[in-house]
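# Structural characterization, general
Spelled out, the chains give:
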Amino acid sequence: MPIVAVNVIKVLFVAALYLFLFYVARSMRGHVGGPPLDASAAVPNPKSVRQPPAAAPPSRSRSLLVFDDDGQSTSHSITGTVVVGRGESADIRIDDEYASERHASFAADGGAVVVEDLGSTNGTTIDGHPVTGRTEVTSGTVVIVGRTRVVVT
């Protein structure tokens with residue numbers, strides 16, 4: 001076999017090896033690192049989410065809009081502390097393989113809503129920033145739990 005053919009085969013083998021490693025790393029990021037890089041495309045336009053009146057009283061009832069993969073939403077009232085996750089013990093159960101059994105909690109604190117990550121594997125984010133500790137959120141805030149969008153209303 002000519003030396004040129006051997007060198008071409010070597011180059012093709014190395015290229016195939018790098019391509020394989022790239023796909024393995026990309027797959028691992030999806031399973032270990034949380035939502036894909038284009039997760040911001042899944043966040044609804046804040047203008048499309050109905051905003052409450054600006055002069056709402058602090059004792060106003062708060063709720064969560066939980067969006068599924070098809071973009072359908074369900075509304076859940078926040079009374080006390082509400083846990084979101086995929087486990088049986090969660091108050092709001094979501095069908096999301098990237099969510100932990102007890103992923104995050106939402107609590108109505110006066111007129112505000114406080115979100116807290118409960119030590120989940122893939123984390124909870126607001127605007128791409130991880131939630132650390134108890135974080136107060138306002139109406140219209142989009143919280144990502146696993147790959148599920150939760151909008152505070």
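None of the values given here were measured: they were computed from a predicted structure.

Calculation criteria
Residues numbered from 1 in each chain as written. Predicted model: local features only at pLDDT ≥ 70, side-chain atom pairs only at ≥ 80, totals over all residues. Heavy atoms only, no water. Core = buried A, V, L, I, M, F, W, Y, C linked by side-chain atoms within 4.5 Å. Buried < 20%, exposed > 50% of the residue type's maximum accessible area, 1.4 Å probe, protein only. Helix = DSSP H or I, 4+ residues; strand = E, 2+ residues; numbered from the N terminus. Contact = heavy atoms within 4.5 Å. Pairing = 2+ DSSP bridges.

## Observations concerning the nonpolar core
Residues L64, F106, V115 and V145 are the most contacted members of the largest nonpolar core, which totals 19 residues. For this core, the secondary structure elements donating two or more residues are strand 1 (62-67), strand 3 (81-85), strand 5 (104-109), strand 6 (112-117), strand 10 (142-145) and strand 11 (148-152). Residues in contact with V115, not counting those within four places in the same chain, are S105, F106, I126, V131, G133, R134, T135, V137 and V143. By size, the runner-up hydrophobic cluster in this structure holds five residues, among which are L65, F67, V142 and V151.

## Things to note about the sheet that holds strand 3
Judged by pairing direction, the sheet is mixed, and its five strands sit side by side in the order 4-3-5-6-9 without closing on themselves. Among the strands making up the open sheet, the edge pair consists of strand 4 (92-93) and strand 9 (134-137). Across six bridges, the pairing between strand 5 and strand 6 is antiparallel. Counterpart to A104 in the pairing with strand 6 is D117.

So yeah, pure geometry; function would need other evidence.
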